[in-house]
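Coordinate inspection notes
These are the residues of each chain, in order.
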Amino acid sequence: MGRLQNKTALISGAASGMGAAEARLFAEQGAQVIVADVDGDGAQSVVQDITDAGGSAIAVHLDVADAASWDKAITRGVKAFGDIDILVNNAGILIMKPVQDTTEEEWDRIFSINAKGVFLGTKAVLDSMKATGAGSIINISSIYGIVGAPSAAAYQATKGAVRLLTKATASDYAPFNIRVNSVHPGVIATAMTDELLADPEVAKDLLGTTIMERPAQPEEVARAVLFLASDEASFMTGSEMVVDGGYTAQ
Ligand SMILES: NC(=O)c1ccc[n+]([C@@H]2O[C@H](COP(=O)([O-])OP(=O)(O)OC[C@H]3O[C@@H](n4cnc5c(N)ncnc54)[C@H](O)[C@@H]3O)[C@@H](O)[C@H]2O)c1
């Protein structure tokens, strides 16, 4: 019996990186997975992997910055698999710039995806979770939602917003048996960090502050997200799970 047997999970940004790893792992553990992304081909290929392995998944188009897109994605997901038990607000983008170099357009764009996207997703899924009488929402923040670092001002502001939106939502929806937690990955080897890790100077800076001196694979974060998604985390809400190889330990 899988750890997510008979549960339906929607994962945003699941076409690549950590979202894709979570989709595969959740399906392996018995969940029916809604693989939601703006990247339709990527989402379809994750669904193919899952179904080839005997799991259950569908791909849906989702732009997390758009409320109507959330409504459509959830309607399709519920029609396919029934009410949603688990939401992973994972989609995100990175802009590496200090305040003076960040344009207003860039600030608005990253906030619309990384912060407003989490707000809209949460809002869109709550009725479905209330209908099942339980739910687990996992918001992917970052170590950059906890500590500062150079040249990621707007990104850090979005991830700090996600950290506290998590606690606010946890407070409001505990009476409905809906748990809400944030996950704070450190440096993870995905498309988002490809270029950064390929630059020896930047990689040295990023990994020099990671006690374990290596980036993680997306699956190493997915396993933490799986725990929070499952009933094993039944007394966890409003918490911050740090998966950072010790980045914030010093
Ligand atoms: N990689 C890291 O080191 C790292 C560290 C901490 C936190 N994070 C966070 O983890 C999450 C996943 O990142 P990743 O590293 O797997 O990156 P990734 O680039 O591999 O995946 C991000 C996914 O989000 C999707 N996406 C982007 N904008 C979208 C939108 N408007 N609507 C729907 N989907 C959209 C992309 O198509 C992509 O599939 C992000 O929130 C990121 O900020 C990443």
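Details of the structure are given in the entry above.
I will try to describe carefully the structure that is included in this document. (Residues numbered from 1 in each chain as written. Predicted model: local features only at pLDDT ≥ 70, side-chain atom pairs only at ≥ 80, totals over all residues.)

Regarding the overall build of the protein
Heads up, the rule is: Under the scheme used here, helices are H or I runs from DSSP no shorter than 4 residues and strands are E runs no shorter than 2 residues, and both carry numbers assigned from the N terminus. Burial is judged by counting the other C-beta atoms within 10 Å of a residue's own C-beta: 20 or more makes it buried, 12 or fewer makes it exposed, and any count in between marks it as partly exposed, with every C-beta position built from the backbone. What counts as a contact here is a pair of residues whose C-beta atoms, placed from the backbone, lie within 7 Å.
Across its full length, the protein holds eight helices and seven strands. Seen through its principal axes, the protein has C-alpha atoms that stretch 45 × 35 × 35 Å. Per-residue burial for the protein yields a buried fraction of 45% across its 250 residues. A separation threshold of at least 6 residues defines the contact pool for the protein, and within that pool the share at least 24 residues apart is 72%.

As for the site of the ligand
What counts, and what does not: Near, as applied to residues and a molecule or strand, means the residue's backbone-placed C-beta atom lies within 6 Å of it. Note on residue categories: nonpolar means Ala, Val, Leu, Ile, Met, Phe, Trp, Tyr, Cys or Pro, charged means Asp, Glu, Lys or Arg, and polar means any other residue, Gly included.
Neighbouring the ligand are 29 residues; Gly13, Gly17, Ala91, Gly92 and Thr190 lie closest to it. It is helix α1 (residues 17-28) that contributes the most residues to the shell around the ligand, three residues altogether. By residue class, the composition of the shell around the ligand is 15 nonpolar, 11 polar and three charged.

Describing the nonpolar core
For clarity, the threshold we go by: To define a nonpolar core, we join buried Ala, Val, Leu, Ile, Met, Phe, Trp, Tyr and Cys residues through C-beta atoms within 7 Å and take the resulting set.
Judged by nonpolar contacts, the single largest core of 55 residues is most densely connected at Ala9, Ala23, Phe26, Val33 and Val35. Among the elements that make up this core, the one with the highest residue count is α1 (seven residues). The residues touching valine 35, leaving out its near neighbours within four places in the chain, are Ile11, Ala14, Ala15, Ala23, Ala43, Val46, Val47, Ala57, Ile58 and Ala59. With eight residues, the next largest nonpolar core counts Ile143, Tyr144, Ala154 and Tyr155 among its residues.

Some details on helix α8 (residues 218-229)
Let me state the cut-off plainly: One less than the residue count of a helix, multiplied by 1.5 Å, gives the span that helix is expected to have. This arc corresponds to the set of directions leading from the helix axis out to the C-beta atoms.
For α8, built from 12 residues, the straight-helix expectation of 16 Å at 1.5 Å per residue is met to within 8% by its first-to-last C-alpha distance of 16 Å. Taken together, the buried positions of α8 are occupied by Pro218, Val221, Ala222, Val225, Leu226, Leu228 and Ala229. Down the axis of α8, the buried set is contained in an arc of 160°. They therefore lie on one face. In this fold, the buried residues of α8 make contact with β1 (8-12), α1, β4 (86-89), β5 (135-140), β6 (178-185) and β7 (240-243).

Details of the packing of α1 against α8
To keep things clear, this is the line we draw: Only the stretch in contact is used when a helix axis is fitted, and all axes are lines through C-alpha atoms; the angle between N-to-C directions ranges over 0 to 180 degrees. Note on terminology: angles under 35 degrees are roughly parallel, angles over 145 are roughly antiparallel, angles of 65 to 115 are roughly perpendicular, and the others are oblique. Throughout, a crossing is termed right-handed when the near helix is turned clockwise from the far one, and left-handed when it is turned anticlockwise from it by less than a right angle.
For the pair α1 and α8, the least separation of the axes is 8 Å and the interaxial angle reads 55°. In terms of orientation, α1 and α8 fall into the oblique class. In this structure, α1 meets α8 at a crossing whose hand is right-handed. Residues Gly17, Met18, Ala21, Glu22, Leu25 and Phe26 of α1 form the contact with α8, whose participating residues are Pro218, Glu219, Val221, Ala222, Arg223, Val225, Leu226 and Ala229. Its residues assigned to classes, the contact of α1 with α8 comprises 10 nonpolar, one polar and three charged.

Points about the pairing of β5
This is how the line gets drawn: We call two strands paired when DSSP finds no fewer than two bridges between them. Handedness is read with the strands pointing away from the viewer; a crossover is right-handed when the path from the first strand over the helix to the second is clockwise.
Counting buried positions along β5 gives six out of six residues, so the element sits mostly inside the fold. Neither face of β5 is left uncovered, since the one carrying Gly135, Ile137 and Asn139 and the one carrying Ser136, Ile138 and Ile140 both have all their residues buried. For β4 and β5, the ladder comprises four bridges, and the chain directions are parallel. Looking across to β5, one finds that leucine 87 is bridged to isoleucine 137. On the question of chirality, the crossover connecting β4 to the parallel β5 by way of helix α4 (residues 104-132) is right-handed. Strand direction decides the pairing type here: β5 and β6, joined by six bridges, are parallel. When the sheet's bridge partners are listed, isoleucine 137 is paired in β6 with valine 180. As for the winding sense of the linkage, the β-α-β connection from β5 through helix α5 (residues 153-173) to β6 is right-handed.

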